Amino acid sequence: MKKTIIANWKLNGNKKIITDFLLNVHRHLTKTELNSVNIVIAFPQIYLCLVKHIINDLDLNIHLCSQDVSYNSIGAFTGEVSIHMLKENFVKYVIVGHSERRNFHNENNNIILKKFIKVKESELIPILCVGENLKEKEMKQTELVLKQQITKILDELGNTAFDNTIIAYEPVWAIGTGKSASIEEVINIHKFIKKYIQYYTNNSIQSLSIYYGGSVNEKNIKMLSQQKDVDGLLVGNSSLNSEIFIKMIKNMIY
Ligand SMILES: O=C(CO)COP(=O)(O)O
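- Looking at an unreviewed UniProt entry, the chain carries the name Triosephosphate isomerase, with the source organism given as Buchnera aphidicola.
- The Catalytic activity (unreviewed entry) field of the UniProt record for the chain holds the comment "D-glyceraldehyde 3-phosphate = dihydroxyacetone phosphate".
- Under Sequence similarities (unreviewed entry), UniProt gives the following word-for-word description of the chain: "Belongs to the triosephosphate isomerase family."

Let's talk about the UniProt feature "active site" (unreviewed entry) in the chain
- Residues given the UniProt feature "active site" (unreviewed entry) here are His98 and Glu170. Their sequence span is 73 residues, while the largest C-alpha to C-alpha distance among them is just 8.2 Å; these annotated residues converge on one region.
- One can find His98 in the loop between strand 4 (91-96) and helix 5 (99-104).
- Overall, the relative accessible area of 4% leaves His98 in the buried class.
- Discounting residues that sit within four places of it in the chain, His98 has contacts with Asn8, Lys10, Cys129, Glu170 and Ile175.
- Here Glu100 takes part through its backbone nitrogen, which lies 3.0 Å from a polar atom of the side chain of His98.
- The topology assignment puts Glu170 in the loop between strand 6 (166-169) and helix 9 (183-200).
- Excluding its chain neighbours within four sequence positions, the residues that come into contact with Glu170 are His98, Cys129, Val130, Gly131, Ile175, Gly213 and Leu234.

Points about helix 6 (residues 109-122)
- In this model, helix 6 (14 residues) spans 20 Å end to end at C-alpha, consistent with the 20 Å of a helix rising 1.5 Å per residue.
- Among the residues of helix 6, those classed as buried are Ile112, Leu113, Lys115, Phe116, Lys118, Val119 and Ser122.
- In this fold, the buried residues of helix 6 make contact with helix 4 (83-88), strand 4, helix 5, strand 5 (125-130) and helix 8 (142-157).
- At the N-terminal boundary of helix 6, the capping side chain belongs to Asn108, with an oxygen 3.0 Å from the backbone nitrogen of Asn110.
- Following helix 6 by one or two positions, Glu123 has its phi on the positive side, about 70°.

With respect to the UniProt feature "binding site: substrate" (unreviewed entry) in the chain
- As annotated in UniProt, the feature "binding site: substrate" (unreviewed entry) corresponds to Asn8, Trp9, Lys10, Gly176 and Ser215 in the numbering used here. In terms of the greatest pairwise C-alpha distance, the residues named above, spread along 208 residues, form a tight cluster of at most 14.1 Å across.
- Ignoring sequence-local partners within four residues, the contact set of Asn8 consists of Ala42, Gln67, Ile95, His98, Leu234, Val235, Gly236 and Ser239.
- Within the structure, Asn8 has its side chain in polar contact with the backbone nitrogen of Lys10 (distance 3.1 Å).

Describing unusual backbone geometry
- A positive phi angle is found at Asp59, which is not glycine, with a value near 55°.
- Phi at Phe90 is positive, roughly 65°, even though this residue is not glycine.
- Structurally, Phe90 can be placed in the loop between helix 4 and strand 4.
- Judged by its relative accessible area of 51%, Phe90 is exposed.

Things to note about the packing of aromatic side chains
- Throughout the structure, instances matching the rule amount to eight aromatic pairs.
- Here Phe21 and Phe43 contribute two aromatic rings whose centre-to-centre distance is 6.0 Å and whose plane-to-plane angle is 90°, an arrangement assigned as edge-to-face. A residue pair is termed long-range when its members are at least 10 positions apart, and Phe21 in helix 1 (residues 15-28) and Phe43 in the loop between strand 2 (38-42) and helix 3 (48-58) qualify at 22 residues. Both residues of the pair, Phe21 and Phe43, count as buried.
- Relative to Phe245, the ring of Phe21 has its centre 5.3 Å away and its plane inclined at 40°; by these criteria the two rings are tilted. Taken together, the residues span a long stretch of sequence, with Phe21 in helix 1 and Phe245 in helix 11 (residues 242-253) at a distance of 224 residues. Of the two residues examined, Phe21 and Phe245, each falls in the buried class.
- By way of ring pairs, the aromatic residues Trp9, Phe21, Phe43 and Phe245 are connected into one cluster.

Each value, and the rule that gives it
Residues numbered from 1 in each chain as written. Predicted model: local features only at pLDDT ≥ 70, side-chain atom pairs only at ≥ 80, totals over all residues. Heavy atoms only, no water. UniProt positions renumbered as here; feature names shortened; annotations may be inferred. Helix = DSSP H or I, 4+ residues; strand = E, 2+ residues; numbered from the N terminus. Buried < 20%, exposed > 50% of the residue type's maximum accessible area, 1.4 Å probe, protein only. Contact = heavy atoms within 4.5 Å. Polar contact = N/O pair within 3.5 Å; in protein donor to acceptor, adjacent residues only side chain to side chain. Expected span 1.5 Å × (residues − 1). Phe/Tyr/Trp six-rings, centres within 6.5 Å; stacked < 30°, edge-to-face > 60°.

Structure below.
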């Protein structure tokens, strides 16, 4: 199976920066390289339509991801973007429960569950972000926190909750800090998540992928992507520069 790289641009970029970025990717990666890795980009939602046109014009094998979605479908919800709107704009993946949404927008496990359900119902692929903060890590509560974040969804949706979905382990203390989790930590946690869900669903889970995110860069991406327990990587800061992003993709291949 191809490994995935997701560029999460958060609140960054503009039309020119995004267009130049895609032109550089087109210029510096061969067709074979582009097809060796599943490349997914989460630019700010407002640019997704523009990006789809550029990707089509350049014939780039890149998929679109949204950084968030509303759990409402239609109506008086100022500022929100619905799953239908994302679907109309060719989005394939939707990030749900990123720690920045949890922390800066007070999204709790109930809100995240509602968003997760919306994405699953629409047949887009949800990427559920989970992870502990520094205090929880220091208090050795990582597994407890992960269980709480995951169980909410299992309780509501049952054994098929995570079929054909992605869970991204993103420890909050590793995001934007330059301090990635160690390979051992990543492997252990990914194994723990998989085992916990297998246990909960009596082993009936199908095609659940587990990604890692948190200070992934051009140096550590090779080692991380070579691990069989790591199906993909979510990259913030290091994905903003096309040169580094291209280097990361090459490092995943060679
Ligand atoms: O939040 C992230 C991906 O969703 C990770 O961000 P950084 O790569 O900047 O640590």
